[in-house]
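Survey of secondary and tertiary structure
Listed below, chain by chain, are the residues.
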Amino acid sequence: MKKKLLLLLGVIPFYTINSCSKGMAEDPDPENRNIQLETYPAACRCQPADTSIFDPTCLVASNAQLKVLGDGFSFTEGPAVDKLGNIFFTDQPNDKIHKWSANTGAITTFLTGTGRSNGMAFDKAGNLITCADMHGELWKIAPNGSHTVLVNNYKGKLLNGPNDVWINPKNGGLYITDPIFPRGYWDAGDPRQQGWPPTHSEQAKTGKGGYVYYLAPGSRTLVRVTTEAMGWDADGWPNGIVGTPDGKKLYVNKWAPDINTAGTWVFDIKPDGRLTNMRKFIDMGGDGMSMDERGNIYISNSYGVTAFSPNGKKIFNVPTGGGATNNVFGGKNEKTLFITGPVDKLTALKMNVAGVEKF
């Protein structure tokens, strides 16, 4: 989920339900005027303590403010929630995975030497599935820190660098995004190594070869599920990914220098894991995504975290003062939104809604 924020590091991207009647309101951010808003009148009285938070539908808990849980990192990414509500997140430049404890609030180092892991998610068995882009691999990390490489190629060709992962809760199938973001830490002679902007990929004859892939339960062979035949433009950077808890819909966004034109798409998931019925969800793109119990989609990018209702209406924004790379719901009651952003921090915001990504 590497974005222009990584330029700072010399590496390229790197409610409760209320009964108020719905109305339309103007977004305070002039750059988002083209995005339709779903809001509620002021009578809802749900203004958060932090007045910079846009929250007309009362998603944020009363008097909540964005809280810094830890800082001093180089580039935080990939937050994932385990069964107990603990949050694991990566610091990719330092090749570490850290753990925030739901019991104590302490942050400790879970693992050093992670294959430069980026996006992550927990499976039902308690293993941490990570996008390890050092050698273009997808890892399964056991609770003791040992790992297995699940896949490292598509049809014998090196992956660009898996970026984010979503696990279908119905069958355990894995979906990954695979954009090309050249890394300074890749080995000399790595065929992916190139300048910015990237112009070639092992996964395409020309262009960036940015696709979404599916790994069926028990399989070691990736299936490409976004194709030009369905209208997918592979000369871009697929990035964040999240699906519905019923396993029927998948959302994929793209990163671009102008995130307001990068776009987010939604697909229907077929029984065999393939995708169909591709359609544009919203114009905004970005980085990592999560979903709450109402089906709202939370997108991380340079605006912080912005949420959209299932019909594409903007209903929430929390600025972080330095953008965001990813987000996930967690904590003991799943009603805290954890944000990797700004990139040197892990932050959190108490919510009235719960997430859906904890197995």
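Structural data are supplied above this passage.
Now for a look at the structure at hand. Nothing here was measured: the structure is a model prediction, and the numbers come from that model.

Procedures and definitions
- Residues numbered from 1 in each chain as written.
- Predicted model: local features only at pLDDT ≥ 70, side-chain atom pairs only at ≥ 80, totals over all residues.
- Heavy atoms only, no water.
- Helix = DSSP H or I, 4+ residues; strand = E, 2+ residues; numbered from the N terminus.
- Contact = heavy atoms within 4.5 Å.
- Pairing = 2+ DSSP bridges.
- Axes fitted to C-alpha atoms, helices over the stretch in contact; angles between N-to-C directions.
- Buried < 20%, exposed > 50% of the residue type's maximum accessible area, 1.4 Å probe, protein only.
- Phe/Tyr/Trp six-rings, centres within 6.5 Å; stacked < 30°, edge-to-face > 60°.
- Lys NZ or Arg CZ within 6 Å of the ring centre and 35° of its normal.

**So, the environment of Val151**
The topology assignment puts Val151 in strand E9 (residues 147–151). As for Val151 and Glu137, which are separated by 14 residues in sequence, their C-alpha atoms are 5.8 Å apart. Setting aside its immediate chain neighbours within four residues, Val151 contacts Gly136, Glu137, Leu138, Leu215, Arg220, Thr221 and Leu222.

**Remarks on the sheet that holds strand E4 (residues 96–100)**
Strand order in the open sheet formed by four strands is E2-E3-E4-E5, and the pairing between neighbours is antiparallel. Among the strands making up the open sheet, the edge pair consists of strand E2 (76–81) and strand E5 (107–112). Each adjacent strand pair in this sheet contributes to an overall mean axis angle of 25°, direction not counted.

**A closer look at the pairing of strand E7 (residues 128–132)**
Across the five residues that make up E7, a large majority, five, are buried. With four bridges joining them, strand E6 (residues 117–122) and E7 adopt antiparallel strand pairing. Within E7, the position partnered with Met120 by the bridge is Thr130. Here E6 hands over to E7 after five residues, with Gly126 in that stretch at a positive phi of 90°. Judged from the five bridges that link them, E7 and strand E8 (residues 137–141) form a sheet pairing that is antiparallel. By the bridge assignment, Ala132 is partnered in E8 with Glu137.

**Some remarks on the packing of aromatic side chains**
The tally for this structure, following the rule as stated, stands at 19 aromatic pairs. Taken together, a centroid distance of 5.1 Å and an interplanar angle of 75° make the contact between Tyr251 and Phe281 edge-to-face. Linking Tyr251 in strand E17 (residues 249–255) with Phe281 in strand E19 (residues 275–282), this pair joins segments that are 30 residues apart in sequence. Phe281 carries the same exposure label as Tyr251, and that label is buried. Members of the aromatic cluster, each reached through a chain of ring pairs, are Phe181, Trp196, Trp237 and Trp255. Cation over ring: Arg116 sits above Tyr185, and NZ or CZ is 4.2 Å from the ring centre. Above the ring of Trp232, the side-chain terminus of Lys254 is found at 4.2 Å from the ring centroid.

**Observations regarding unusual backbone geometry**
For the bond running from Trp196 to Pro197, omega is 0°, close enough to zero to count as cis. Within the fold, Pro197 resides in the loop between strand E13 (174–178) and strand E14 (211–215). The residue after Gly341, namely Pro342, is reached through a cis peptide bond having omega -5°. Its identity as a non-glycine residue notwithstanding, Cys58 has a phi of 65°, on the positive side. One can find Cys58 in the segment before strand E1 (67–71). Owing to a relative accessible area of 6%, Cys58 belongs among the buried residues under this scheme. A positive phi is found at Asp95, a non-glycine position, where the angle reads about 55°. Structurally, the position occupied by Asp95 is in the loop between strand E3 (87–91) and E4.

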